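Residue-level structural notes
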Amino acid sequence: MAVLALAMTACSGGGSGSDSGEASGASSGDKPWDGDASEVDVVTWWEAGSEKEGLQALEGVFAEQHSDTEFVNAAIAGGGGSQAKQKLAADLATGNPPDTFQAHAGAEVTDYIDAGQIEDLSGLYDELGLKDAFPASLIDRLSMDGKIYSIPSNIHRANMVWANPSVLEQSGVDPQTPPATIDEWIADMEKVKAAGFTPITVGMAWTQTELLETILIADLGADGYTGLFDGTTKWDSEGVAKAIGHFKTMMSFTDSSLYSEDWEPAMQPVVDGKAAYNVMGDWAYLGLTTQGKTMGTDYIVFPAPGNEKVYDFLADSFTLPVGAKHPGGAKAWLETISSKEGQVAFNSVKGSIPARSDLSEDELSKFSDYQRGQMTAFQDDEIVSSIAHGAAVPVKVSNAINDAVMKFAQGASDEAGLQTALVDATASLSSK
Ligand code: BGC
């Protein structure tokens, strides 16, 4: 076993891989990832702020492992991929793909699979020994009819509340005792409002969808929420209506001048002591660390009320587009992001947890207590899929949900109208 583990590490750990620096000419071999490895054109949305640092950590490992392959950063700004996915769709449709691109594992990848735009990487999983490196639960979420089309760099949890303890104290809310239910949370927000602070902040559409999904999880329970995606929970049900009611109340506490902002500026009032709460994934951990903020004193974090034992899952993964100009470069990138070194360097910075489940205690010691806690939660909690981050629904459905939520926020906050819009937005899920 030890010998096998070592062999697998050597294989996935890279070095300057045998593929690196191969002669130019796309798809020169009989596997889609054989061919030109002179460079790799990588599309992500880790373009600015703290997320750029995460990408740089990965780039550092890539430079060590594949020194003959030039890393070309083709990142497109916009949290949650809000801009990148549109540009990618256009580039893929016109046959101008990058060598690899970031996509959320799960339903989001099905858009690209259905359109025949990305390669089946199952054979590369075998070559790199990845089927045993990732937990079976993750392999299941990545598989589509027995094939796997992307390789995950990380796992994130979306349903966390980031809060300013000083604002809470000044509002007469005990920061040590997070509210247990959505109703208790709203009661705390009322106190924060009365004290003259903004109770909760949201930014652009996807951040509002992320808030809505945590409320849906709380009000429907994990199974009820998951049923929204296979038709067993109806979008026109009472439970969804209740969640929309809660969402309306919370949105009434937000500052609408932030509705066009990305997640970092939308969260900033919490950091600056002007607002109490923000719901965001654990990439916020990196954002706050980058600002020199300390958990426990400068900010506190807890699962959204009603979400305590539920891990709202998403994973960033990377693909090999059909017709990539440097497939060997893409292979080198996929090797790095899935290698132990890549996963440790990237995730320890990014706030996420490694997708690999075979890291040693020494490697795990590089992670913060927050991340160690989330590793345990990923093992022990019930896992549900994020809507806002492509795990639960295809891009066109999440876009339609974002549009419905934004219309609600900018319009008359019509609850029945939002529910009808959500029914329409998700109609293609049940007709599948
Ligand atoms: C990605 C994260 C990223 C976040 C904010 C999510 O969709 O999965 O990696 O940090 O968006 O941009």
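Residues numbered from 1 in each chain as written. Predicted model: local features only at pLDDT ≥ 70, side-chain atom pairs only at ≥ 80, totals over all residues. Heavy atoms only, no water.

1. As for the site of the ligand
Which entries qualify depends on this criterion: By convention in these notes, a residue is near a molecule or strand provided one of its non-hydrogen atoms lies within 4 Å of it. Any pair of nitrogen or oxygen atoms within 3.5 Å is treated as a polar contact; in protein, a donor-acceptor pairing is required on top of that, and neighbouring residues in sequence qualify only through side-chain atoms on both sides. Surface accessibility follows the Shrake-Rupley procedure with a 1.4 Å probe radius. Residue values consider only the protein chains on display as shielding. Ten residues, namely Ala, Val, Leu, Ile, Met, Phe, Trp, Tyr, Cys and Pro, are considered nonpolar, four, namely Asp, Glu, Lys and Arg, are considered charged, and the remaining ones, Gly among them, are considered polar.
As a matter of local geometry, the ligand sits amid 13 residues, with Glu51, His104, Asp316, Lys350 and His389 nearest to it. At 2.7 Å from an oxygen atom of the ligand is found a side-chain nitrogen or oxygen belonging to Lys350. Out of a free accessible area of 300 Å², the ligand has 100% covered by protein chains. Here the shell around the ligand is composed, by residue class, of 5 nonpolar, 5 polar and 3 charged.

2. Remarks on the sheet that holds strand S3 (residues 100–104)
Under the convention used in this document: Paired strands are those between which DSSP finds at least two bridges. The secondary structure listing takes helices from DSSP runs of H or I that are at least 4 residues long and strands from runs of E that are at least 2 residues long, numbered from the N terminus.
Here we have 5 strands laid out as an open sheet, ordered S2-S1-S3-S13-S6, and mixed in their pairing. Single-partner strands in this sheet number two, and they are strand S2 (70–73) and strand S6 (151–152). Inspection of the sheet shows strand S1 (residues 39–43) paired to S2 by 4 bridges, in the parallel sense. Within S2, the residue paired with Asp41 across the bridge is Val72.

3. Quick notes on helix H13 (residues 327–338)
Using the following cut-off: Each helix should span, by expectation, one fewer than its residue count multiplied by 1.5 Å. Accessibility here uses a 1.4 Å probe with only protein chains present; expressed as a share of the type maximum, an area under 20% marks a residue as buried, one over 50% as exposed, and anything in between as partly exposed.
Taking 1.5 Å as the rise per residue, H13 with 12 residues should run 16 Å; its terminal C-alpha atoms sit 16 Å apart, in good agreement. Taking burial as the measure, the 12 residues of H13 include 12 buried ones, the bulk of the element. The complete set of buried residues in H13 reads Pro327, Gly328, Gly329, Ala330, Lys331, Ala332, Trp333, Leu334, Glu335, Thr336, Ile337 and Ser338.

4. Here we look at the pattern of salt bridges
Defined as follows: For this analysis, a salt bridge means a side-chain nitrogen from Lys or Arg found within 4 Å of a carboxyl oxygen belonging to Asp or Glu.
As enumerated under the stated definition, the model contains 11 salt bridges in all. Across the pair Arg372 and Glu361 runs a salt bridge, and its minimum N-O distance is 3.1 Å. Note that Arg372 is positioned in helix H16 (residues 369–380) and Glu361 in helix H15 (residues 361–364), a separation of 11 residues in sequence. On the accessibility criterion, Arg372 (27% relative accessible area) is partly exposed. One network of salt bridges, with partners in common, ties together Lys31, Glu127 and Lys331.

5. Describing the packing of helix H2 (residues 49–65) against helix H14 (residues 340–350)
So the rule is basically this: Angular values range over 0 to 180 degrees, each being the angle between N-to-C directions of two axes fitted as lines to C-alpha atoms, with helices fitted over their stretch in contact. Should an angle lie under 35 degrees it is considered roughly parallel, over 145 roughly antiparallel, and from 65 to 115 roughly perpendicular; all remaining angles are considered oblique. A crossing counts as left-handed when the near helix is turned anticlockwise from the far one by less than a right angle, and as right-handed when that turn is clockwise. The contact definition used throughout considers only heavy atoms, calling two residues in contact when any of these lie within 4.5 Å.
Running from N to C, H2 and H14 point in directions that differ by 165 degrees, and their axes come no closer than 8 Å. When the axis of H2 is compared with that of H14, the two are roughly antiparallel. Helix-helix and strand crossings are classified by hand; for H2 and H14 the assignment is right-handed. Residues Glu51, Glu53, Gly54, Leu55, Ala57, Leu58, Val61 and Gln65 of H2 form the contact with H14, whose own contacting residues are Glu341, Gly342, Ala345, Phe346, Val349 and Lys350. Counted by class, the contact of H2 with H14 contains 7 nonpolar, 3 polar and 4 charged residues.

6. Quick look at the side chain of Thr207
Turning to its location among the elements, Thr207 is positioned in helix H9 (residues 205–227). Looking at Thr207, its side chain comes within polar contact range of the main-chain nitrogen of Gly203, at 2.7 Å. Not counting residues within four places of it along the chain, the set of residues in contact with Thr207 comprises Val202, Trp263 and Met280.

7. Comments concerning the packing of aromatic side chains
Worth spelling out the cut-off: Centre distance within 6.5 Å is the pairing criterion for rings of Phe, Tyr and Trp, where only the six-membered ring of Trp is used; planes under 30 degrees apart are then read as stacked, over 60 as edge-to-face, and the remainder as tilted.
With the rule as written, the count across this model stands at 16 aromatic pairs. Geometrically, the ring pair formed by Trp46 and Phe318 is edge-to-face, given 5.9 Å between the ring centres and 65 degrees between the ring planes. Highlighted residues: Trp46 in the loop between S1 and H2 and Phe318 in strand S13 (residues 316–318), separated in sequence by 272 residues. For the pair formed by Trp46 and Phe318, the shared burial category is buried. Taken together, a centroid distance of 5.3 Å and an interplanar angle of 10 degrees make the contact between Tyr285 and Tyr370 stacked.

8. Thoughts on helix H17 (residues 395–410)
Helix length check: H17, at 16 residues, gives a terminal C-alpha distance of 22 Å against a target of 22 Å (1.5 Å per residue), a fit within 8%. Residues of H17 that are buried in the fold lie against helix H3 (84–93), helix H4 (107–114), H9, helix H10 (238–252), helix H18 (415–425) and helix H19 (427–430).

9. Describing the packing of helix H11 (residues 263–271) against helix H12 (residues 283–290)
At a minimum axis separation of 11 Å, H11 and H12 run at an interaxial angle of 60 degrees. Considering the angle they form, H11 stands oblique to H12. The chirality of how H11 crosses H12 is right-handed. Taken together, the residues of H12 that come into contact with H11 (itself represented by Trp263, Glu264, Met267 and Val271) are Trp283, Ala284, Gly287 and Leu288. Here the contact of H11 with H12 is composed, by residue class, of 6 nonpolar, 1 polar and 1 charged.

10. Thoughts on the side chain of Gln343
With respect to the secondary-structure elements, Gln343 resides in helix H14. Assessed through its relative accessible area of 0%, Gln343 is described here as buried. Engagement of the side chain of Gln343 in a polar contact is seen with the backbone nitrogen of Ala355, the distance being 2.9 Å. Contacts of Gln343, omitting those with residues within four sequence positions, involve Phe134, Pro152, Ser153, Asn154, Ile337, Ser338, Ser348, Pro354, Ala355, Arg356 and Phe367.

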